[in-house]
Amino acid sequence: MVAYLRDHPPTIGVIGASGTGKSSTINAMFKTNLPISHAMACTKEFLNVDLNVTATSTSITGDSLKLCVVDAPGLGEDLARDPDYLDMYQAHLGRCDIVLWVMAARQRAIALDQGYLQLLADHHEKIVFGLNQIDLVDPMNWNCRLNLPSKDQEKIIAEIAQDRSVKISATLGRAVEMYPYSAGNLYGLQELFSGMIASCPDGKRAWIFDPIKAFGPFDFIPEGVRGRVMEQIDARTDD
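About the thresholds
Residues numbered from 1 in each chain as written. Predicted model: local features only at pLDDT ≥ 70, side-chain atom pairs only at ≥ 80, totals over all residues. Heavy atoms only, no water. Helix = DSSP H or I, 4+ residues; strand = E, 2+ residues; numbered from the N terminus. Buried < 20%, exposed > 50% of the residue type's maximum accessible area, 1.4 Å probe, protein only. Phe/Tyr/Trp six-rings, centres within 6.5 Å; stacked < 30°, edge-to-face > 60°. Contact = heavy atoms within 4.5 Å. Axes fitted to C-alpha atoms, helices over the stretch in contact; angles between N-to-C directions. Parallel < 35°, antiparallel > 145°, perpendicular 65-115°, else oblique. Nonpolar A, V, L, I, M, F, W, Y, C, P; charged D, E, K, R; others polar.

Student: Please clarify how the environment of Glu154 should be interpreted in this entry.
Tutor: Here Glu154 is to be found in helix H5 (residues 151–172). The class for Glu154 is partly exposed, based on a relative accessible area of 41%. Sequence separation of Glu154 and Asp135 is 19 residues, and the distance between their C-alpha atoms is 9.8 Å.

Okay, structure coming up:
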């Protein structure tokens with residue numbers, strides 16, 4: 001089992017329309033440093049982000065658990081690019097065990113999302129929906145001291161989540177839960193991560209997420225910096 005997990009790690013794809021904060025979500029959840037821009041799309045290809053965590057409370061204690069997160073280009077950025085991007089989605093989503101579809105809380109027009117989802121019907125069962133940027137919901141009076149939505153925002157966020165859930169459920173033909181969060185404020189990420197892990201469709205690879213259910217998103221270390229982190233841990237241990 002350990003060898004299989006190492007060679008075929010659990011894989012999460014992060015997709016959706018351009019500008020919703022897909023790369024920012026990955027950066028916030030997993031301490032990565034993917035390029036982001038508030039002016040133009042940065043992700044043009046599917047990018048693999050390899051993560052590690054050392055198991056301490058599972059049946060494979062002491063082994064390094066891996067998780068692969070795939071950052072996808074945003075749809076709707078350019079009409080000329082969409083056909084190529086959709087082809088890439090079809091080619092890559094098959095290897096993802098779970099797919100996070102990121103939506104922006106302040107974006108009321110979701111016809112594009114519905115249209116893209118109709119074109120990706122083969123992957124519907126593995127898609128989980130995140131509602132990002134809830135800190136920007138009117139009246140935009142986020143409680144920065146407590147890092148919580150205000151009471152007014154909380155009510156509006158619940159209404160938005162319900163509205164999006166109804167509309168996307170009608171598109172997919174199944175009940176859909178929305179996970180509100182703010183990548184910028186690091187809020188709601190644990191609930192989102194837990195929801196993704198729990199939603200892996202039953203089948204021959206659903207079990208692959210069992211070893212990481214005890215972990216949260218912040219427990220994972222990007223593979224590129226894992227060596228430096230472990231050196232620092234060893235140095236502190238020696239002291």
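Back to the text.
Student: Explanation requested: the packing of aromatic side chains in the structure shown.
Tutor: Ring pairs (aromatic) are described by centroid distance and by the angle formed between their planes. Within the structure shown, the criterion is met by six aromatic pairs. Aromatic side chains Phe30 and Phe220 sit 6.1 Å apart centroid to centroid with 75° between the ring planes, which places their arrangement in the edge-to-face category. Linking Phe30 in helix H2 (residues 22–30) with Phe220 in the loop between helix H6 (189–198) and strand S7 (221–222), this pair joins segments that are 190 residues apart in sequence. By the burial criterion, Phe30 is buried, and Phe220 matches it. In this structure an aromatic cluster arises from ring pairing among Phe30, Phe193, Phe215 and Phe220.

Student: Could you clarify how one ought to interpret unusual backbone geometry in this entry?
Tutor: The linkage connecting Asp138 with the following residue, Pro139, adopts the cis geometry, with an omega of 10°. Summarising the element assignment, Pro139 is placed in the loop between strand S5 (127–132) and H5. A positive phi angle, near 65°, is found at Gln133, a position not held by glycine. Topologically, Gln133 is positioned in the loop between S5 and H5. Among the residues examined, Gln133 registers a relative accessible area of 22% and is labelled partly exposed. The backbone of Asn147 sits at a positive phi, close to 55°, despite the residue not being glycine. Its place among the elements puts Asn147 in the loop between S5 and H5.

Student: Explanation requested: the environment of His8 in the structure shown.
Tutor: The topology assignment puts His8 in the loop between helix H1 (2–7) and strand S1 (11–16). Residue His8 is classed as partly exposed on the basis of its relative accessible area, which comes to 39%. Separated by 200 residues in the primary sequence, His8 and Ile208 place their C-alpha atoms 9.0 Å from one another. With residues up to four places along the chain from it excluded, the contact list for His8 reads Arg205 and Ile208.

Student: In this structure, what is going on with H2? I would like to understand it.
Tutor: Residues spaced three or four apart along an α-helix face the same direction, because each turn holds 3.6 residues. Counting buried positions over the nine residues of H2 gives eight, a clear majority of the element. Listed in full, the buried residues belonging to H2 are Lys22, Ser23, Thr25, Ile26, Asn27, Ala28, Met29 and Phe30. Within two residues after H2, Lys31 carries a phi angle of roughly 60°, on the positive side.

Student: What am I meant to see in the packing of H2 against H6 here?
Tutor: The description of two helices packed together rests on the angle between their axes and the distance between the axes. In the contact formed by H2 and H6, the axes pass within 11 Å of each other and the chain directions differ by 100°. Here H2 is positioned roughly perpendicular relative to H6, judged by the angle of their axes. In contact with Thr25, Ala28, Met29 and Phe30 of H2, H6 contributes Leu189, Leu192, Phe193 and Met196. Broken down by class, the residue content of the contact of H2 with H6 amounts to seven nonpolar, one polar and no charged.

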